[in-house]
Structure formats: C-alpha cells, structure tokens
Amino acid sequence: PIKGASKFDAPIFQLPTRSKTNKTRPWILGVGQIKRIVYDYLSRKESGSGFCHFPEGRPDSFYRGLTAEKLVTVRSKGFSRLEWHKQYARNEPLDCRTYAYAAMRILNPDWDALEERMNKGAFAQRIAENPQKTAQNLAQSRKKLRIKGF
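Residues numbered from 1 in each chain as written. Predicted model: local features only at pLDDT ≥ 70, side-chain atom pairs only at ≥ 80, totals over all residues. Heavy atoms only, no water.

A. Representation of unusual backbone geometry in the model. A positive phi is found at Lys77, a non-glycine position, where the angle reads about 55°. Take Lys77: it is sitting in the loop between strand E4 (69–76) and strand E5 (79–86). Note on Lys77: relative accessible area 80%, which makes it exposed. In this structure, Asn108 takes a positive phi of about 50° despite not being glycine. Relative to the helices and strands, Asn108 is located in the loop between helix H3 (92–107) and helix H4 (111–119). (Helix = DSSP H or I, 4+ residues; strand = E, 2+ residues; numbered from the N terminus. Buried < 20%, exposed > 50% of the residue type's maximum accessible area, 1.4 Å probe, protein only.)

B. Main features of the side chain of Asn91. Here Asn91 lies in the loop between E5 and H3. Setting aside chain neighbours within four positions, we find Asn91 in contact with Gly65, Ala68, Glu69 and Lys86. (Contact = heavy atoms within 4.5 Å.)

C. Quick look at the nonpolar core. In terms of nonpolar packing, the biggest core is built from 8 residues, these being Ile12, Leu29, Val31, Ile34, Val38, Leu94, Tyr101 and Ala102. Where this core is concerned, the elements lending two or more residues are helix H1 (31–42) and H3. For Ala102, the contacting residues outside a window of four places in its chain are Leu29 and Ile34. (Core = buried A, V, L, I, M, F, W, Y, C linked by side-chain atoms within 4.5 Å.)

D. View of the packing of H1 against H3. Close contact between H1 and H3 brings their axes to 9 Å; oriented N to C, the two are set at 105°. Viewed along their axes, H1 and H3 adopt a mutual orientation that is roughly perpendicular. Together, Val31, Ile34, Lys35, Ile37, Val38, Tyr39 and Tyr41 of H1 and Leu94, Asp95, Arg97, Thr98, Tyr99, Tyr101 and Ala102 of H3 make up the contact between the two elements. The residue inventory of the contact of H1 with H3, partitioned by class, reads 10 nonpolar, 1 polar and 3 charged. (Axes fitted to C-alpha atoms, helices over the stretch in contact; angles between N-to-C directions. Parallel < 35°, antiparallel > 145°, perpendicular 65-115°, else oblique. Nonpolar A, V, L, I, M, F, W, Y, C, P; charged D, E, K, R; others polar.)

E. How the structure looks around the confidence of the model for the protein chain. This prediction gives the protein chain a mean pLDDT of 84; 79% of its residues lie at or above 70. Contacts from residues 144–150, a stretch scored under 50 in pLDDT, to residues over four places away or in other chains number 1 contact. (pLDDT = per-residue confidence, 0-100.)

F. Quick peek at the packing of aromatic side chains. Taken as a whole, this structure holds 6 aromatic pairs when the rule is applied. Seen in terms of ring centroids, Phe62 and Tyr63 are 5.1 Å apart; in terms of plane orientation they differ by 85°. Their pairing is edge-to-face. Residue Phe62 is classed as buried on the basis of its relative accessible area of 16%. Members of the aromatic cluster, each reached through a chain of ring pairs, are Phe54, Phe62 and Tyr63. The ring of Phe62 carries the charged tip of Arg58 above its face, separated from the ring centre by 4.5 Å. (Phe/Tyr/Trp six-rings, centres within 6.5 Å; stacked < 30°, edge-to-face > 60°. Lys NZ or Arg CZ within 6 Å of the ring centre and 35° of its normal.)

G. Quick peek at H1. An ideal rise of 1.5 Å per residue puts 16 Å on 12 residues; H1 measures up with 16 Å between its terminal C-alpha atoms. Within H1 the residues assigned to the buried category are Val31, Gly32, Ile34, Lys35 and Val38. Projection of H1 onto a plane perpendicular to its axis shows the buried side chains occupying an angular sector of 160°, all on one side. The inward-facing, buried residues of H1 contact strand E1 (2–4), strand E3 (27–29), E4, E5 and H3. (Expected span 1.5 Å × (residues − 1). Arc of directions from axis to C-beta.)

H. Layout of the pairing of E5. Bridging between E4 and E5 involves 8 bridges; their strand directions are antiparallel. For Val74, the partnering residue across the bridge sits in E5 and is Arg81. What sits between E4 and E5 in their antiparallel hairpin is a turn of 2 residues, with Lys77 showing a positive phi close to 55°. (Pairing = 2+ DSSP bridges.)

I. The layout of surface pockets, seen in detail. Roughly 320 Å³ of internal volume is contained in the largest pocket. If you trace the largest pocket, you find 13 residues lining it, with Tyr41, Gly50, Arg97, Tyr101 and Met104 closest to the centre. For the lining of the largest pocket, the secondary-structure elements that each account for two or more residues are H1 and H3. The biggest single contributor to the lining of the largest pocket is H3, with 4 residues. Split by residue class, the lining of the largest pocket holds 8 nonpolar, 4 polar and 1 charged. (1 Å grid on protein atoms, 1.4 Å probe; cavity = no way out; pocket = protein on both sides within 12 Å on 5 of 7 lines; lining within 4 Å. Points joined across faces, edges and corners; volume = space filled by probe spheres on them.)

This is the structure:
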C-alpha cells in the first residue's frame, strides 16, 4: 500500500514502517515533490532525459487530468507554504503518473543494462521479425505473473 506524505517537502519515498495501531506497512510518498518533478518533465520541449512521450489519440480529458493541479502559495498564521490545488475535478492521470514515478524510483532500475539487454540478443531480433507475436507473448507472461501474485 501507498500513502501520500502530509508534508509538502517530504522525500520522494520512505521505507515502510509498522505503526502500533496499523498492521499494514505503507510506503510514504512525497507526492508534493513528485508532482513538481512530473510538471517539470511535462514542460520540457526537447526530447531527451525526462521528456514525456504520449501516444496519439489520447482524449483532451486525459491532458486536462494530467495538468489538473496547480502549485499555489498559501499564507497561514503568518507563514507561507506551498500546496497543490485542484483546478479540475478529475486528476487520475496525474496521480497515476505520480505513483508510476515513485515506483520507478523505489525499484531503481539499471537503465543502461536494460537498454543493452534490449538492443542485443534474441529479444530485439524477435521483435524485428514479428512484433505482433512478441506483444502477445508479453501479455501472456504478464498474466502468468499476476496469477503467481506479482
């Protein structure tokens, strides 16, 4: 399970800890910081690290949901603090992107090794020969993983 941190400047993720009252161990996510990173990536104009690619045909509601929140400065008791305020009712695309970024940071994949593995070897050759069949095999592999509990 995951839970958003109550503080805006919380780290991107904290390792799960068990509380006295709750037996589950949620990952605490610094969603305030992650949303800043997501919005930074969305604002990039040049292709490269962090640039966001989207498939054609996404409805306008997806992009509205992806940019549904705005960072505002709120004054309370003489102090200023940053908060995310919704501009639109539906923000699921932003939440999904935020959680996906947190999952990527938690897993910390070795991107260079993954790229090397994809570019050389039988996998790249199978994709080049028959991309449709490879996609079906990947879908079947995912189903097997879900059945086993992953």
